[in-house]
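The residues making up each chain are set out below.
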Amino acid sequence: MSDIPHLLIPYAASASEGCRQTLATLDLPHLDRLLARLAPDPAGSSTAEETSFSAPHERALAEALGLPAEDGLTPWAAWYRLQQGQPADGKAWAFVAPCQWQVTTDHITLRDPEALGLTEASSRALLAIVSPWFAEDGIHLHYDQPTRWLAEGPLFAHLATASLDRVLLRDVRAWMPDAAKARTLHRLNSEMQMLLYTHAFNDERAERGLPMVNSFWVHGAGALPATAPAPAPQMPLALRNAALREDWRAWAAAWSALDAGPLADLLRQAEQGAAVRLTLCGERAALAFHTAPRGLLQRINAYFQPTRFAQVAPQL
């Protein structure tokens, strides 16, 4: 299966009313023609609650890679290190995103880390401030990107954590890790909020009109299994930012670009007789399609009643 072209599309649809209205006028001719040629693949499809820790595209990607796909337990940070040429050391790793929690009487909203204006220098300075607190609990932080650090420690070995995509711009309380298993993280969150609330780091940011950094989000925790991951499918992220911000005009434009590019390429390969795979993901489900032999009756039904994206989208 690894050598079969596989296109995995996150945020292909949403239950949002704005998305439904946009879908009514969305014209994706290459996707419709491709769906008409392919057969549903129940083995590659899945459904879950919108409050699950792992988004459907993450579960689908984990299964394609041969990684653990149990909710919130795919070791994305350890897998990322392997892709960066780091050895599979058997240790448990996690991503830590410095962020801002906007706290009101009935919500704790996680602001997009990319909107904080963190540079490498400021992120490294913040890392130096908080690292000793984490180290006291056996968690060792390492710089990776301005809005993402790597963390290593036994705490992350079997800890289910929610994807950043699940909590971005939302109330985080539905996706907090288990209080008993993550007691250390809950305490560290409280300590970081107290430490950073009046810290000179945030005072200097306020003087420059930059948002406060007052918390962090842990995700992608775990250790890699002994088997080597399979090659990754093609997974364009053009729809993600627009969908998370419910900017449906930008989302429609991103869909048009995908239809004219990667989907047209995959359709061309299918029409030339190649086996291909397509996985469409929303916030509730991942629906997989593949090239498969069809009997005469199936071919007749597919000809007169071809699958269209308008039929698939409500299921995502």
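Preceding this section is the structure that the text describes.
**Student:** Teacher, can you tell me more about the pattern of salt bridges here?
**Tutor:** Between side chains of opposite charge, pairing is possible as soon as their charged atoms come close. Scanning the entire structure with this criterion turns up 14 salt bridges. In this structure, D144 and R148 form a salt bridge, with 3.2 Å as the shortest nitrogen-oxygen distance. Between D171 and R173 there is a salt bridge, with its nearest N and O atoms 2.7 Å apart. Here D171 falls in the buried class, since its relative accessible area comes to 18%. Accessibility expressed as a relative area gives 44% for R173, which makes it partly exposed. When salt bridges that share partners are traced, they join D137, R187 and E191 into one network.

**Student:** Quick question: what am I supposed to make of the sheet that holds strand 8 (residues 148-152) here?
**Tutor:** In a beta sheet, neighbouring strands pair by backbone hydrogen bonds and run either parallel or antiparallel. On the basis of which strands lie adjacent, the open sheet formed by four strands has the order 7-8-4-9 and antiparallel pairing. The outermost strands of the open sheet, each flanked by one partner alone, are strand 7 (140-145) and strand 9 (215-222). Within this sheet the neighbouring strands show an average axis-to-axis angle of 30°, counted without direction. For strand 4 (residues 93-99) and strand 8, the ladder comprises four bridges, and the chain directions are antiparallel. Each bridged residue has a counterpart across the sheet, and for F95 the counterpart in strand 8 is L150.

About the cut-offs
- Residues numbered from 1 in each chain as written.
- Predicted model: local features only at pLDDT ≥ 70, side-chain atom pairs only at ≥ 80, totals over all residues.
- Heavy atoms only, no water.
- Salt bridge = Lys/Arg side-chain N within 4 Å of Asp/Glu carboxyl O.
- Buried < 20%, exposed > 50% of the residue type's maximum accessible area, 1.4 Å probe, protein only.
- Pairing = 2+ DSSP bridges.
- Helix = DSSP H or I, 4+ residues; strand = E, 2+ residues; numbered from the N terminus.
- Axes fitted to C-alpha atoms, helices over the stretch in contact; angles between N-to-C directions.

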